[in-house]
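Chains, contacts and geometry: an overview
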Amino acid sequence: MNIEVFKGEEFSHLYQDRMFPYSQKVLHLVLSYLEEKKGRPFEVVVDAGCGTGRSTRPLAEHFCEVIGIDISESQIKVARKCTPQRNITYQVASVAKMPLEDASVDLINADVAAHWFPIDEFITEATRVLKNRGCLALHCLYPTFTVKYKNCSETLTNIFNEAFEYLCKFEVKGLTILKSKYQAMFEALPFAGKQRITDIQEMFHLTLAELLGFLKSTCICRIFLTKDKVAAVDFLQSVKKRMVDAMGEISGEEILEFHVTYFCILAYVSESSGSSVYSGKESEIEERGNRGASQRRAAGASGGGRG
């Protein structure tokens, strides 16, 4: 998969500026599940694949310690610059080898990220670092949207979804996992009490510029721009023109409703939880034996991320 796109500094800034906020409905769902399955206090949360910290910062008020992990140094650099909360730290690290002690984490959270993970290694690591009854939350948006504005909602929705579907061809594997709503991941999880919620409705108020900015901030659009910048720019201008024509005479300040469907996998670790292996087309569960000796949190996990 084209994870290299996340390592570019220009894209990291665009992602921070244009991607819309972490869904409050998803956050409430995750926190409610954690309280039910583990209970308070909420001590340590890991935001896996945290990117520029969009989903990391909203966790700060709910946990004593928040740790954002991402393989992209440029994304972590932006996250640190944009994070004022002093209980958040960031690490450039793989979710397959987290710089964390055994049984030290209450919640592992991953927003719009898990389809990029090496899922078998990630589940093994999650099993290792989560406390007994610690929880896992994997969530993402489904790539079909609704745009509402006056009497041209159907036209705008069709234009936007056609554009998004066209861009999807530039990252087939990751989008296939996403479009399945993480079905194989869900089946692979050996954890207790697992749930897969597939119809969480969220709505954002956006101007046309902000809506198109979201499109530009997706990795699939960045991949297109990298492969053929001229064609990608022409494509984006065409999408904008079609949407403007549909809306009629506008000032640019008009507010559109952007409706998004999220899905979420929730599960928790029990003493009997094992780990699993996931491979491309199928998943299976296998026992891994006893956990290894505890390791100290990597040096530097307490540094950075302080605005």
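Please refer to the structure placed before this passage.
Here we summarise the structure given alongside this text. (Residues numbered from 1 in each chain as written. Predicted model: local features only at pLDDT ≥ 70, side-chain atom pairs only at ≥ 80, totals over all residues. Heavy atoms only, no water.)

Structural notes on the nonpolar core
In this structure, Ile108, Phe122, Phe160 and Phe258 are the most contacted members of the largest nonpolar core, which totals 105 residues. A per-element tally of this core places strand β8 (residues 256-268) first, with 10 residues. Excluding residues that lie within four positions of it along the chain, Phe258 makes contacts with Phe20, Phe145, Thr146, Val147, Phe160, Glu202, Met203, Phe204, Leu206, Leu211 and Phe214. (Core = buried A, V, L, I, M, F, W, Y, C linked by side-chain atoms within 4.5 Å. Buried < 20%, exposed > 50% of the residue type's maximum accessible area, 1.4 Å probe, protein only. Helix = DSSP H or I, 4+ residues; strand = E, 2+ residues; numbered from the N terminus. Contact = heavy atoms within 4.5 Å.)

Quick notes on the environment of Tyr90
Within the element layout of this structure, Tyr90 appears in strand β3 (residues 88-92). Distance from Tyr90 to Lys77, taken between C-alpha atoms, is 8.9 Å for residues 13 residues apart in sequence. Of note is the side chain of Tyr90, whose polar atom sits 2.7 Å from the side chain of Thr83. (Polar contact = N/O pair within 3.5 Å; in protein donor to acceptor, adjacent residues only side chain to side chain.)

Overview of the pattern of salt bridges
A complete count under the given rule lists 11 salt bridges for this structure. Asp102 is the partner of Arg128 in a salt bridge, and the nearest nitrogen-oxygen pair spans 2.7 Å. One end of the pair, Arg128, is in helix α4 (residues 119-129); the other, Asp102, is in the loop between β3 and β4 (105-111), with 26 residues separating them in the sequence. The two residues Arg128 and Asp102 agree in class, both being buried. (Salt bridge = Lys/Arg side-chain N within 4 Å of Asp/Glu carboxyl O.)

What about the pairing of strand β1 (residues 44-48)?
Most of β1 is tucked away, with 5 of its 5 residues classed as buried. Burial along β1 is two-sided: the residues Val44, Val46 and Ala48 and Val45 and Asp47 are all buried. Direction of pairing for β1 relative to strand β2 (residues 65-70): parallel, over a ladder of 5 bridges. Counted as the bridge partner of Val45 is Val66 from β2. The sheet contact formed by β1 and β4 spans 3 bridges and is parallel. If you follow Val45 over to β4, its bridge partner there is Leu107. (Pairing = 2+ DSSP bridges.)

Things to note about the side chain of Ser104
The topology assignment puts Ser104 in the loop between β3 and β4. When its relative accessible area of 11% is taken as the criterion, Ser104 is described as buried. Looking at Ser104, its side chain comes within polar contact range of the main-chain oxygen of Glu101, at 2.7 Å.

What about helix α2 (residues 24-37)?
The first and last C-alpha atoms of α2 sit 20 Å apart over 14 residues, in line with the 20 Å expected at 1.5 Å per residue. Listed in full, the buried residues belonging to α2 are Val26, Leu27, Val30, Leu31, Tyr33, Leu34 and Lys37. For α2, the arc enclosing every buried residue in end-on projection is 160°, short of the 170-degree limit, so these residues lie on one face. Those residues of α2 that are exposed and angled more than 90 degrees off the buried face are Gln24, His28 and Glu36. Close packing links the buried residues of α2 with β4, β5 (130-141), β7 (192-206) and β8. Measuring from the side-chain oxygen of the N-cap residue of α2 to the backbone nitrogen of Lys25 gives 3.3 Å; that N-cap residue is Ser23. (Expected span 1.5 Å × (residues − 1). Arc of directions from axis to C-beta.)

Regarding the packing of aromatic side chains
Scanning all chains against the criterion turns up 20 aromatic pairs. Here Phe164 and Phe214 contribute two aromatic rings whose centre-to-centre distance is 6.5 Å and whose plane-to-plane angle is 10°, an arrangement assigned as stacked. Taken together, the residues span a long stretch of sequence, with Phe164 in helix α5 (residues 153-168) and Phe214 in helix α8 (residues 208-216) at a distance of 50 residues. Of the aromatic side chains, those joined through ring pairs into one cluster are Phe20, Phe145, Phe160, Phe164, Phe204, Phe214 and Phe258. It is Arg40 that lies over the ring of Phe42; its NZ or CZ is 4.2 Å from the centre. The ring of Tyr142 carries Lys181 above its face, with NZ or CZ at 4.8 Å from the centroid. (Phe/Tyr/Trp six-rings, centres within 6.5 Å; stacked < 30°, edge-to-face > 60°. Lys NZ or Arg CZ within 6 Å of the ring centre and 35° of its normal.)

Geometry only, nothing functional implied.
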